[in-house]
Each structure stands twice: as structure tokens, then as C-alpha cells.
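# Analysis of the macromolecular model
So you can see what is in the structure, the chains are spelled out below.
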Amino acid sequence: MAEELVLLDFWPSMFGIRVRIALAEKGLKYEYREEDLTNKSPLLLQMNPVHKKIPVLVHNGKPVCESAIIVEYIDEVWHDKSPLLPSDPYQRSQARFWVDFIDKKLYDTGRRTWSTTGEEQEKAKKEFIEILKLLEEQLGDKPFFGGESLGNVDVSLIGFSCWFYSYETLGNFSIGAECPKIIGWVERCSNKESVSKTLPDSKKVFGFVQELRKKFGLE
Amino acid sequence: MEEVKLHGNCFSPFSCRVTWALKLKGIPFENIEEDLSNKSPLLLQYNPVNKQIPVLVHVGKPICESMIILEYIEETWPQNPLLPTDPFERVVARFWIKFAEEMGPTMWMMFRTSGEEQEKFKKESLEMLKTIEEMALGVGDHEKKFFGGDQISLVDLAFGAHAHWLLEVIEKVVGVKLLEDHKFPRLHAWIQNFKQVPVINQNLPDSDQMVLTFKRNRERLLASS
């Protein structure tokens, strides 16, 4: 039976991006469907009735929800090419820990750098840099978190890089000044076709954030 | 001889999950009880990021975060499997494990708050319980003994921790009864099934002690807020 893959997604979502990169790493063909989050499709509501969120990967009609779970699923099913998780259980646990860390800390903190002002914003900027510094420590001297090639931590984190310009501009700070290693890592990732062909343009993301800010009355 | 140590606390639902998993698989381990108000230097060394229990230390290497520990245990000791082998069934299991993880903090906020604020968290928690009742424990007339079917799995351990604490702490200490039988018949049946598993039954924290400890904690919390 031919594999049928449909990805329900939203172009600037860093969570959707990680699924797109994972699919690209595995060389998988899929149908991309852009969701209007103000008017979600019946398919999305049917495939993710609990959370009604993107991304959702529909594989032969069956839904896989939650981006970190989707990435592990892709890695398990198409295990013979470009492994994203290590095979050693201990190293897998470490990789999962850092993806969990990114998911719990980076999104909210990043959001607060552009959606808050004053003291709250300053606090968010400081926390954001601290989180990236911890990740830099974890990266160490390796080219990627996954070692010599992209691993699930790289795939999970790189989607945030197209948001850096927005965080920096609206928060008035420089990520590169504080975390040069992360910027170096972003550049190395961007040399990979799966990443360069997937990452939306940072200025385009900025335009989207500006629209969001207008909507929330922040402009 | 494999060296397995668990830095935990008997009143922590997260710690209990790990104890249950190790015992269900028959893995011998050394339990190191941590005083959460005075964490050991070793714990802080093993979990510098979150500084929390549980931490599983296997042959000197630490693993943190209870559900990540459980996946590690499952992969390292495959006997008495606690996750399905089919990738799609694993997706479903992991989805509900994540849901349980997200439910935890909301429920615990009922312990940490009172009045109108608590009402808000109570409402959110009830909605999450409703989702589990209607969508995780069987659809229509098809009843499941455990979340994954006939066998206990990591999903049961994930929810079991919260369920037990809901009944013992939230109900007895905070005085908020969420799991009314008539509203959540499937959840009620599942909790009975869960607690009847010998390993679970024999490894639940002492109820009286736990109520006492959490009562003290809540008094302190509310006094300082």
C-alpha cells in the first residue's frame, strides 16, 4: 500500500517546522495543508479533537498529534534512514530530556519577549538567554546536539531560529552577543537542505508577529 | 551486578511512578529518600537543571523527569512490557501520557490556591477529567480495563499517580471532590482496576501520613500567600 502522509500545519509554527524537517530528513513525500487557525478545518477538528491544534501528521488516515511525539513516530517507522534519536537508551533519555526542556521553557519565554513590556519583558529576555546558555552548554563542542548529524534536539530547536529576529527586534536585545555558539549552530543547521528548504524567512515571521501584536493591541 | 538507585520521595506522585515501573518489571533498586526541604548535594549534582526528584541513577548515570525515566526503564528492561510495540499504538499511549503531564500542574494548583482562584483550576481540572472519561478510557460501549487495554501500561502509571493524589490529597486535605462516581464511571472503574494490581496495591504511600504531611504543607502555603 502506498504511504499517504498529510501534514496539517501553520507556516510559522516552530512545532510544525520540526515535523517538516523530520519528514525532509527522512526524504518523505507528503501533502502539506495550511490551516487557518481562526477557522480550523473539519479534518483538523476530527484528527485532533482533544486539543484542536497543529501540527497533526495523518498517516494512512490515522492521526499523530503533538510535535515531539510525531518526530519520534517518524523516526520509529522510517528507522532505516537518517536516525533522529540515538539507539542507546541512556542517550535517548538525554535527548528526550532536552526536547522536553525546550518545549516547557523556550516557547513561553520567547513569546513573552515580544508580548510583554517593562519589567516583565526584561525578565523574559533574561530567562530566554539563560535557557539558550544551558542549551549551549549541552551542545558543547559538537557540531549538532545529535553529534555529527541532526538529532531530535536539533530538529526540535531549529524552528525557533526563524523567530530570533522577531524576539531581538521587539525585545531590543541580541541573541548572538550572548549566545554565539547557538548562532554558530543555527548556521550549521541552515547548511542542511532539510532545514534551509523548510525554515520560513525570519522577516516574514516578523511580519506575522507584528500582525499578532496589532491583534492583541500591543502596537 | 546492575546498580539502580532511585532518588525519590514517598509522597511524590512522580517518584511513585518510577517505583511502580521498577517493581512491575522486578528490577531491584536502592531507594534513597530525599528531604525536599533539604535536597542532597548528590541530587543537585544529578539534576542541576530542575533540581527535582525523581532521579534514576543507573550504573552511575542519572536520568531525570519521571516519564522520561519510565521510557528509559521500558527500553532497558523489556520484560513485562509497559508500552505497546506497534508504533501507532505507542503514539496513542504517548499522547495520553502527555495529557496526564499537562493535567498535573492544573490539578495541583487546587492545592496551592483557595476561593475564586481555586474555582478556576477546579473547572479546568474537571474538563480534563471529562476528556479522559470520554476519550481515553473507551469510546461508546467498549470498556477498557486499563488505558492500553487488558494490561497495565505507562499510561496507567502516568494517570495513576495523579488519580491517587486527587483522592487522597485534593479530596481529604483540600476538601474538593472532583471524581464523583456518577459523573466519571469509567475513571472510577479504572482506579479500582489500577489499585488492585498487586505491585500498585503494595506500593501506595501511607494514607494517614500523607494526609498529615500535605495538611501541614497547605497550611504553610496559605499562610504565606
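Procedures and definitions
Along each chain, the written sequence defines residue order, and numbers are assigned to residues from 1. Both sets of labels track the order of writing: A upward for chains, 1 upward for ligands. In view of the model being predicted, local features appear only for residues whose pLDDT reaches at least 70, and side-chain atom pairs are presented and counted only at 80 or more, with totals across whole chains, interfaces and linings using the full set of residues. Side-chain calculation: all heavy atoms of the structure are included, whereas hydrogens and water are not. Helix numbering and strand numbering both begin at the N terminus, where a helix is a DSSP run of H or I of at least 4 residues and a strand a DSSP run of E of at least 2. Here the globule rule reads 2.2 Å times residues to the power 0.38, and the radius of gyration is calculated from C-alpha atoms. Only protein chains enter the area calculation, which uses a 1.4 Å probe; residues under 20% of their type maximum are buried, those over 50% are exposed, and those in between are partly exposed. Throughout, a contact is declared for two residues whenever any of their heavy atoms are within 4.5 Å. Here, Shrake-Rupley sampling with a 1.4 Å probe gives the accessible areas, and only protein chains in the shown set may cover a residue. Charge convention: Lys and Arg are scored as positive, Asp and Glu as negative, and His as well as the terminal groups of each chain are ignored. To locate a charge, the coordinates of NZ of Lys, CZ of Arg, CG of Asp or CD of Glu are taken. Stacked, tilted and edge-to-face are the three classes applied to pairs of Phe, Tyr and Trp rings, where Trp contributes its six-membered ring and a pair requires centres within 6.5 Å; stacked means planes under 30 degrees apart, edge-to-face means over 60, and tilted covers the rest. A positively charged side chain is recorded as over a ring if its NZ (Lys) or CZ (Arg) lies within 6 Å of the ring centre. The angle to the ring normal must also be within 35 degrees. Salt bridge criterion: a side-chain nitrogen from Lys or Arg within 4 Å of a carboxyl oxygen from Asp or Glu. Cavities and pockets are found on a 1 Å grid laid over the protein atoms alone: a cavity is a set of points where a 1.4 Å probe fits but cannot escape, a pocket is an open set with protein on both sides within 12 Å along at least five of seven lines, and a lining residue has an atom within 4 Å of such a point. Grid points are joined across faces, edges and corners, and a volume is the space filled by probe spheres set on the points. A strand pair is defined by DSSP finding two or more bridges across the two strands. Note on definitions: buried area is the accessible-area loss of two parts on being combined, 1.4 Å probe, summed for both. Angles shown run from 0 to 180 degrees and are taken between the N-to-C directions of axes, each axis being a line fitted to C-alpha atoms and, for helices, limited to the stretch in contact. Roughly parallel here means an angle under 35 degrees, roughly antiparallel means over 145, roughly perpendicular means 65 to 115, and every remaining angle is called oblique. Following the grouping adopted for this structure description, the nonpolar residues are Ala, Val, Leu, Ile, Met, Phe, Trp, Tyr, Cys and Pro, the charged ones are Asp, Glu, Lys and Arg, and the polar ones are all others, Gly among them. UniProt positions are given in the numbering used here, feature names are shortened, and annotations may be inferred rather than shown by experiment.

## Overview of the overall build of chain A
In terms of regular secondary structure, chain A is built from eleven helices and four strands. Over its C-alpha trace chain A gives a radius of gyration of 17 Å, about what one expects of a compact globule, namely 17 Å for 219 residues. Oriented by its inertia axes, the alpha-carbon framework of chain A measures out at about 55 × 45 × 30 Å. Burial analysis of chain A (219 residues in total) assigns 52% to the buried set.

## So, the overall build of chain B
Within chain B one finds nine helices and four strands. Reading the secondary structure of chain B in the N-to-C direction produces β-α-β-α-β-β-α-α-α-α-α-α-α. The globule rule puts the C-alpha radius of gyration for 225 residues at 17 Å, and the 18 Å found for chain B is close to it. Taken over the C-alpha atoms alone, chain B extends approximately 50 × 50 × 30 Å along its principal axes. Sorting the 225 residues of chain B into buried and exposed places 53% on the buried side. For chain B, restricting intrachain contacts to residue pairs at least 6 apart in sequence, the fraction spanning at least 24 positions comes to 71%. Carbon together with sulfur atoms contributes 52% to the accessible area of chain B, which is approximately 10700 Å² in total. Counting 26 positive and 32 negative side-chain charges, chain B places the averaged centre of each group 3 Å from the other.

## A closer look at the packing of aromatic side chains
Taken as a whole and judged by the stated rule, the model has 24 aromatic pairs over all chains. Centroid distance A:Phe145 to A:Trp185: 5.5 Å. Interplanar angle 80°. Geometry classified as edge-to-face. In this pair, A:Phe145 sits in the loop between α5 (118–139) and α6 (152–158) while A:Trp185 sits in helix α9 (residues 180–190), placing the two residues 40 residues apart along the sequence. Taken as a pair, A:Phe145 and A:Trp185 share a single burial class, namely buried. One aromatic cluster is present, formed by A:Phe10, A:Trp11, A:Phe128, A:Trp163, A:Phe164, A:Tyr167, A:Phe173 and A:Phe208 through successive ring pairs. If you follow A:Lys62 out to its NZ or CZ, it ends over the ring of B:Phe88, 4.5 Å from the centre.

## Some details on the pattern of salt bridges
As enumerated under the stated definition, the model contains 30 salt bridges over all chains in all. The partner of A:Glu76 in a salt bridge is B:Arg94, with the nearest N and O atoms 2.8 Å apart. In this pair, A:Glu76 sits in helix α3 (residues 67–77) while B:Arg94 sits in helix α4 (residues 87–112), so the two residues belong to two different chains. Between B:Glu101 and B:Arg17 there is a salt bridge, and its shortest N-O distance comes to 2.8 Å.

## Let's talk about empty space enclosed by the protein
Residues and elements named next belong to chain B. Overall, the coordinates contain one cavity of 30 Å³ or more when judged by the stated rule. A volume near 50 Å³ is recorded for the largest cavity. Around the largest cavity, the lining residues are Met 103, Leu 129, Ile 132, Phe 159, His 162, Ala 163, Leu 166, Leu 179, Leu 187 and Trp 190. The set of elements that each furnish at least two residues to the lining of the largest cavity consists of α5 (115–136), α6 (154–174) and α7 (185–196). Of all the elements, α6 adds the most residues to the lining of the largest cavity, at four residues.

## Let's talk about the pairing of strand β4 (residues 62–65) of chain A
Every other side chain in a regular strand lies on the same face of the sheet, so the side chains alternate between the two faces. Residue and element names in this part refer to chain A. With four bridges connecting them, strand β3 (residues 56–59) and β4 associate as antiparallel partners. Counterpart to Val 56 in the pairing with β4 is Cys 65. Counted between consecutive antiparallel strands, the loop separating β3 from β4 contains two residues, among which Asn 60 sits at a positive phi close to 50°.

## Some remarks on the interface of chain A and chain B
Counting residues at the interface gives 27 residues for chain A, matched by 24 residues for chain B. In total, chain A and chain B occlude about 2200 Å² of area from one another, counting both sides; carbon and sulfur atoms represent 70% of this. Where chain A meets chain B, there are eight salt bridges. Here A:Lys104 and B:Glu65 are joined by a salt bridge, their closest N and O atoms 3.4 Å apart.

## Details of the packing of helix α1 (residues 14–25) of chain A against α3(A)
Residue and element names in this part refer to chain A. Contact geometry for α1 and α3: axes closest at 9 Å, N-to-C directions at 5°. By the angle between their axes, α1 is roughly parallel relative to α3. Packed against α1, whose contacting residues are Phe 15, Arg 18, Val 19, Ala 22 and Leu 23, the element α3 presents Ser 67, Ala 68, Ile 70, Val 71 and Ile 74 at the interface. Its residues assigned to classes, the contact of α1 with α3 shows eight nonpolar, one polar and one charged.

## Here we look at the UniProt feature "domain: GST C-terminal" (unreviewed entry) in chain A
Taken from the UniProt record, the annotation "domain: GST C-terminal" (unreviewed entry) applies to residues 88–216 of chain A. When the span residues 88–216 of chain A is considered, its composition is 75% helix and 0% strand, and the gap between its end C-alpha atoms is 46 Å.

## Description of the layout of surface pockets
All names here are of chain B. Its volume calculated, the second largest pocket comes out at about 830 Å³. Taken together, 35 residues form the lining of the second largest pocket, with Glu 89, Val 92, Ala 93, Lys 144 and Phe 147 sitting closest to its centre. Counting residues per element, the lining of the second largest pocket draws most heavily on α4, at seven residues. Across the lining of the second largest pocket, the residue classes tally to 23 nonpolar, nine polar and three charged.

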